[in-house]
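Next come the chains, spelled out residue by residue.
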Amino acid sequence: MGIQGMELFAIGVVIILFMAVLKQFGILEPMSSFEDSSDSDLELSTVRHQPEGLDQLQAQTKFTRKELQSLYRGFKNECPSGLVDEETFKTIYSQFFPQGDATTYAHFLFNAFDIDRNGSIRFEDFVIGLSVLLRGSVTEKLNWAFNLYDINKDGYITKEEMLAIMKSIYDMMGRYTYPCVRDEAPSEHVDKFFQKMDKNRDGVVTIEEFIETCQKVTHFFTQTREHM
């Protein structure tokens, strides 16, 4: 897999996995088929955390009122406390990748959603991130992906951070993938990543370098498809 394929693969994995999460929550259904709700706001029960008002969430996301109501019902059914902790998150992902070990990747993904770093994901965190992944612009998706790769949240991606993410992806996909993945493949992909993105050769990738390179890759693939 070349550098372009690696970048798109890593971003695509994020989206695919969250489609899996939606299925796990029982809330992946055609948006047009959502049932009407007589409630004028989110249905709230006695929970440890109650989300922000529906109007505020609608303003912060690209979901409609009905979609938010349906998402919340599914979220509340699976997480009555209103919060998802890391162990629950890991358990969900492990079910979808029985041939591999999704624990480490789920840890990184959980931290990307746990905006305030308090060890739990609120419904607001979940739905705002989901809105970006499903309906955000290319730049918004890339910003979110950069946050995933920036493990220590210092505004830079180092080789060590990218290698940790890539290894976790390969661990999650398992050793029985076809074609077989060589043990040195993650390290090779990280080296290619930095050759492509680290413009000033300072050993780290900034958000500007990341977005610029990925947008060029996306534009290249778009133009290629149009001329096929």
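What you see is a predicted model; the values in this text were computed from it and never measured.

1. What to know about the overall build of the protein
Reasoning step 1: On a plain count of helices and strands, the protein comes out with 10 helices and 4 strands.
Reasoning step 2: Burial status across the protein gives 44% buried among its 228 residues.
Reasoning step 3: If you take every contact in the protein between residues at least 6 apart in sequence, the share linking residues at least 24 apart comes to 68%.
Reasoning step 4: Within the structure as shown, the protein displays about 11700 Å² of accessible surface, and the carbon and sulfur contribution to it stands at 52%.

2. Concerning helix H6 (residues 123–135)
Reasoning step 1: Taking 1.5 Å per residue, 13 residues should reach 18 Å; H6 reaches 17 Å between its end C-alpha atoms and fits that length.
Reasoning step 2: Taken across its 13 residues, H6 has 10 buried, putting it largely inside the fold.
Reasoning step 3: Every buried residue of H6 is listed here: Phe123, Glu124, Asp125, Phe126, Val127, Gly129, Leu130, Ser131, Val132 and Leu133.

3. So, the packing of aromatic side chains
Reasoning step 1: In total, this model carries 9 aromatic pairs according to the counting rule given.
Reasoning step 2: Ring geometry for Phe113 and Trp144: centres 4.8 Å apart, planes at 65 degrees, overall edge-to-face. With Phe113 in helix H5 (residues 103–113) and Trp144 in helix H7 (residues 138–149), the pair connects residues that are 31 residues apart, well separated along the chain.
Reasoning step 3: Using a relative accessible area of 2% as the deciding quantity, one classes Phe113 as buried.
Reasoning step 4: Relative accessible area serves as the criterion here: at 11%, Trp144 is assigned to the buried category.
Reasoning step 5: Where Phe146 meets Phe210, the ring centres are 5.6 Å apart and the plane angle is 65 degrees; that geometry is what we call edge-to-face. A residue pair is termed long-range when its members are at least 10 positions apart, and Phe146 in helix H7 and Phe210 in helix H10 (residues 207–226) qualify at 64 residues.
Reasoning step 6: Linked through ring pairs, Phe146, Tyr149, Phe193, Phe194 and Phe210 together constitute an aromatic cluster.

4. What to know about the packing of helix H8 (residues 159–173) against helix H9 (residues 185–197)
When two helices pack together, their arrangement is given by the angle between the helix axes and the distance between those axes.
Reasoning step 1: Packing of H8 against H9 brings their axes to within 9 Å, and their N-to-C directions diverge by 140 degrees. Relative to H9, the element H8 lies oblique. When you trace H8 past H9, the crossing you get is right-handed. In this structure, H8 contributes Lys159, Met162, Leu163, Met166, Lys167 and Tyr170 to the contact, and H9 contributes Ala185, Pro186, Ser187, His189, Val190, Asp191, Phe193 and Phe194.
Reasoning step 2: Looking at the contact of H8 with H9, its residues break down into 9 nonpolar, 2 polar and 3 charged.

5. As for the packing of H5 against H8
Reasoning step 1: Direction vectors running N to C along H5 and H8 enclose 130 degrees, while the axes themselves pass 7 Å from each other. Classified by the angle between their axes, H5 and H8 sit oblique to one another. Regarding H5 and H8, the two cross each other, and that crossing is left-handed. In this structure, H5 uses Thr104, Tyr105 and Phe108 to contact H8, whose residues at the interface are Ala164, Ile165, Ser168, Ile169 and Met172.
Reasoning step 2: A per-class count over the contact of H5 with H8 returns 6 nonpolar, 2 polar and no charged.

6. Details of the environment of Arg201
Reasoning step 1: Relative to the helices and strands, Arg201 resides in the loop between H9 and strand S4 (204–206).
Reasoning step 2: By relative accessible area, Arg201 is classed as exposed at 57%.
Reasoning step 3: If near-sequence neighbours (up to four positions away) are discounted, Arg201 is found in contact with Phe194 and Gln195.
Reasoning step 4: Among the polar contacts listed, one links the side chain of Arg201 to the backbone oxygen of Gln195, at a separation of 3.3 Å.

7. Focus on the confidence of the model for the protein
Reasoning step 1: On average, residues of the protein score 75 in pLDDT, and 68% of them reach the 70 mark or higher.
Reasoning step 2: Across residues 1–12, where pLDDT falls below 50, the model places 30 contacts with residues more than four positions away in sequence or in other chains.
Reasoning step 3: Confidence over residues 24–47 falls short of pLDDT 50; this stretch has 59 contacts with residues more than four positions distant or in other chains.

Reading the values: the criteria
Residues numbered from 1 in each chain as written. Predicted model: local features only at pLDDT ≥ 70, side-chain atom pairs only at ≥ 80, totals over all residues. Heavy atoms only, no water. Helix = DSSP H or I, 4+ residues; strand = E, 2+ residues; numbered from the N terminus. Buried < 20%, exposed > 50% of the residue type's maximum accessible area, 1.4 Å probe, protein only. Contact = heavy atoms within 4.5 Å. Areas by Shrake-Rupley, 256 points an atom, 1.4 Å probe, with all protein chains shown as cover. Expected span 1.5 Å × (residues − 1). Phe/Tyr/Trp six-rings, centres within 6.5 Å; stacked < 30°, edge-to-face > 60°. Axes fitted to C-alpha atoms, helices over the stretch in contact; angles between N-to-C directions. Parallel < 35°, antiparallel > 145°, perpendicular 65-115°, else oblique. Left-handed = near helix turned anticlockwise from the far one by under 90°. Nonpolar A, V, L, I, M, F, W, Y, C, P; charged D, E, K, R; others polar. Polar contact = N/O pair within 3.5 Å; in protein donor to acceptor, adjacent residues only side chain to side chain. pLDDT = per-residue confidence, 0-100.

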